[in-house]
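Take a look at the letters that make up each chain.
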Amino acid sequence: MSSVPEKDWKLFRKLQVELTANACELVFKQVDNIANHRVGKEHQSYLDLYRLIEVEDSKIAEMFNNPTRNNVLLKIVALKNHGVLSDEQLHLFSEETQEFVSRMLS
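Residues numbered from 1 in each chain as written. Predicted model: local features only at pLDDT ≥ 70, side-chain atom pairs only at ≥ 80, totals over all residues. Heavy atoms only, no water.

S.K.: I would appreciate a short explanation of the overall build of the chain in the present structure.
M.R.: Secondary structure assignment for the chain yields five helices and zero strands. In the chain, the succession of helices and strands from N to C terminus is α-α-α-α-α. Its C-alpha atoms give the chain a radius of gyration of 16 Å, more than 25% over the compact-globule value 13 Å for 106 residues. With the C-alpha coordinates aligned to their principal axes, the bounding extent of the chain is approximately 55 × 25 × 25 Å. Classification of the 106 residues of the chain by burial places 32% in the buried group. For the chain, the exposed surface amounts to about 6800 Å²; the carbon and sulfur share of it is 54%. The chain carries 13 positive and 16 negative side-chain charges, and their two centres are separated by 2 Å. (Helix = DSSP H or I, 4+ residues; strand = E, 2+ residues; numbered from the N terminus. Rg over C-alpha atoms; globule rule 2.2 N^0.38 Å. Buried < 20%, exposed > 50% of the residue type's maximum accessible area, 1.4 Å probe, protein only. Areas by Shrake-Rupley, 256 points an atom, 1.4 Å probe, with all protein chains shown as cover. Lys, Arg positive; Asp, Glu negative; His and termini not counted. Charge placed at Lys NZ, Arg CZ, Asp CG, Glu CD.)

Rendered as structure tokens:
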């Protein structure tokens, strides 16, 4: 499968802002955890935060950078794999797309 159905492409584009916000919120929760446990280990916490941003930035890129109809299936797989796309959201996509995601993640 090289391209998603038009309906799934439009749905991805419609959900993109919400999914981006969800992905960012997951990062902010991790940042909060580091920030809230930094007393007495400020420098290590800074290093942990720096590494977290590097790792999470690459995930954000994998999920959202340059989406096209030819690569959006892989974007959807990445979104599901990283816990950004919910089961309910996945079920909005066509059966064909849901099956592809399921095969890729199994």
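S.K.: Can you help me understand the nonpolar core in this one?
M.R.: The nonpolar side chains of soluble globular proteins are, as a tendency, buried together. Ranked by size, the top nonpolar core spans 21 residues in total, and within it F12, L19, M63, I76, L79, L85 and F93 carry the most contacts. If you list the elements that add at least two residues to this core, you get α1 (6-36), α2 (42-64), α3 (72-81) and α5 (95-105). Contact partners of L85, with chain neighbours within four places excluded, come to L19, I76, L79, K80, L90 and F93. (Core = buried A, V, L, I, M, F, W, Y, C linked by side-chain atoms within 4.5 Å. Contact = heavy atoms within 4.5 Å.)

S.K.: Honestly, the packing of aromatic side chains in this entry has me stumped. Any pointers?
M.R.: Geometry of an aromatic ring pair is reported as the spacing of the ring centres plus the angle between the planes. Under the definition given, this model contains one aromatic pair. Between the aromatic rings of W9 and F12, the centroid separation amounts to 6.3 Å while the plane-to-plane angle is 15°, which identifies the pairing as stacked. Here W9 pairs with F12, and both are found in helix α1, just three residues apart, close to one helical turn. Of the two residues, W9 and F12, neither departs from the other in class, the shared state being buried. (Phe/Tyr/Trp six-rings, centres within 6.5 Å; stacked < 30°, edge-to-face > 60°.)

S.K.: Would you take a moment to explain unusual backbone geometry for this structure?
M.R.: The phi angle of most residues is negative, glycine excepted, and most peptide bonds adopt the trans form. Backbone geometry places N66, a non-glycine residue, at a positive phi of 50°. Positionally, N66 belongs in the loop between α2 and α3.

S.K.: Help me understand the side chain of Q89, please; the structure alone is not making it clear to me.
M.R.: Relative to the helices and strands, Q89 resides in helix α4 (residues 87-90). Looking at Q89, its side chain comes within polar contact range of the side chain of E18, at 3.1 Å. (Polar contact = N/O pair within 3.5 Å; in protein donor to acceptor, adjacent residues only side chain to side chain.)

S.K.: Where do I start with α1 in this structure?
M.R.: In an α-helix, one turn spans 3.6 residues; hence positions three or four apart end up facing the same way. Over its 31 residues, α1 runs 44 Å from end to end, which matches the ideal 45 Å to within 8%, given 1.5 Å per residue. If you look at α1, its biggest bend is around 50°, right at Q16. When α1 is considered as a whole, its buried residues turn out to be D8, W9, L11, F12, L15, Q16, L19, A23, V27 and I34. Tucked into the core, α1 has its buried residues touching α2, α3, α4 and α5. (Expected span 1.5 Å × (residues − 1). Bend = angle between axes of the 7 residues up to and from the residue.)

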